[in-house]
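Survey of secondary and tertiary structure
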Amino acid sequence: MLPIRDHNPSGRTPYVVYALMALNIGVYLTYIGQPDQVVLRNVFIDWALIPARLSQGGGFETLVTSTFLHGGLMHLAGNMLFLWIFGDNLEDEMGHFRFLAFYMACGVGAGLVHYLAAPLSPVPTVGASGAIAGVMGAYLLLFPKARVDILIILVIFVRILSVPAWLMLGLWLGMQFIGGLGADPNGGGVAYWAHAGGFMIGLALTVPLWLRRGGPGFWSRTHGQPPHPEVRYKLSASRIPRVPRR
């Protein structure tokens, strides 16, 4: 189950989203394929978030730097896809500079949640997932009924389904809690609590904006939909049209 687009066009060019995507990809290209494995290992030791190092009173800058490192191509591609789908609408609502501050706050907050879950872990943690989870939490609050198309692949069965954002994002958040309860936070693998924490932080930070829009009244006026006409697609498993921007 993979989201591929939403039906919620943004009203302005998402320059910050573009810049964040370019920065994440650019940083990845500086170390991927590094023939000297010692150099590659040092990149992660120096710039990844290591909870045990925070417990010793150092490495606080890695709460920021770790959000621009990724462990592999699929890790990077998945994060950039989610940022592209959900980030442009948040930047449209918040404005460029406020969105950037919001994104970084969610990334740092997610890192702190991961630290609290495993303060003595020596395992380096990298990825923009916590910051992007915050974007997803904000999206859920502002556009709970926006349509999101998801690609479902089951062996030979391939289908694109359109579902409301609350369903897709709610399932994703539930998977993070289930994964977090079943995994050892001191080990490697997915940082489930960073994801869940980033999501909840992003949702909480967006409450003031939601209230300025009218809170429950905003939902009543828009019925949980984006406050502008949605993009309509012919659902197809073979052709994925590009989301137009106004």
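Okay, so let's go over this structure.

Criteria and cut-off values
- Residues numbered from 1 in each chain as written.
- Predicted model: local features only at pLDDT ≥ 70, side-chain atom pairs only at ≥ 80, totals over all residues.
- Heavy atoms only, no water.
- 1 Å grid on protein atoms, 1.4 Å probe; cavity = no way out; pocket = protein on both sides within 12 Å on 5 of 7 lines; lining within 4 Å.
- Points joined across faces, edges and corners; volume = space filled by probe spheres on them.
- Helix = DSSP H or I, 4+ residues; strand = E, 2+ residues; numbered from the N terminus.
- Phe/Tyr/Trp six-rings, centres within 6.5 Å; stacked < 30°, edge-to-face > 60°.
- Buried < 20%, exposed > 50% of the residue type's maximum accessible area, 1.4 Å probe, protein only.
- Pairing = 2+ DSSP bridges.
- Axes fitted to C-alpha atoms, helices over the stretch in contact; angles between N-to-C directions.
- Contact = heavy atoms within 4.5 Å.
- Parallel < 35°, antiparallel > 145°, perpendicular 65-115°, else oblique.
- Left-handed = near helix turned anticlockwise from the far one by under 90°.
- Nonpolar A, V, L, I, M, F, W, Y, C, P; charged D, E, K, R; others polar.

1. So, the layout of surface pockets
- Taken as a whole, the largest pocket holds about 930 Å³ of empty space.
- Around the largest pocket sit 46 residues that line it, and H75, S129, V190, A191 and H195 are the ones nearest its centre.
- Taken together, the elements giving at least two residues each to the lining of the largest pocket come down to β1 (2-6), α5 (73-94), α6 (96-117), α7 (129-142), α8 (165-182) and α9 (192-212).
- Broken down by element, the lining of the largest pocket gets its largest block of residues, six residues, from α7.

2. Quick look at the packing of aromatic side chains
- Here the structure, examined in full by the defined rule, presents eleven aromatic pairs.
- With a centroid separation of 5.8 Å and 70° between ring planes, the pair formed by F177 and W193 is classed as edge-to-face. Of this pair, F177 sits in helix α8 while W193 is found in helix α9, placing the two residues 16 residues apart along the sequence.
- Judged by its relative accessible area of 24%, W193 is partly exposed.
- Linked through ring pairs, F82, F86, Y139 and F143 together constitute an aromatic cluster.

3. Structural notes on the sheet that holds β1
- Taken together, three strands build an open sheet; the order of strands is β1-β2-β3 and the sheet is antiparallel. Both outer strands of the open sheet, β1 and β3 (157-164), are each paired with one neighbouring strand and no more. Across the sheet, the mean angle separating the axes of adjacent strands is 25° when strand polarity is ignored.
- Inspection of the sheet shows β1 paired to strand β2 (residues 147-154) by four bridges, in the antiparallel sense. Its bridge partner being in β2, R5 is matched across the sheet by D149.
- Sheet strands in contact with α5 are β1 and β2, and its direction is about 35° off that of β1.

4. Quick word on the packing of α5 against α7
- For the pair α5 and α7, interaxial distance at closest approach is 9 Å and the crossing angle is 45°. With respect to α7, the axis of α5 lies oblique. Considering the relative orientation of α5 and α7, their crossing is left-handed. Here H75, N79, M80, F82, L83, F86, G87, N89, L90, E93 and M94 of α5 come into contact with α7, specifically with S129, I132, V135, M136, A138, Y139 and L142.
- Along the lines of polarity and charge, the residues of the contact of α5 with α7 split into twelve nonpolar, five polar and one charged.

5. Some remarks on the packing of α7 against α8
- For the pair α7 and α8, the least separation of the axes is 10 Å and the interaxial angle reads 145°. For α7 against α8, the interelement crossing comes out left-handed. Residue-level inspection shows A133, M136, Y139 and L140 of α7 in contact with α8, the latter providing A165, W166, L169 and W172.
- Here the residues of the contact of α7 with α8 are counted per class, giving eight nonpolar, no polar and no charged.

Purely spatial values, then, with no claim about function.
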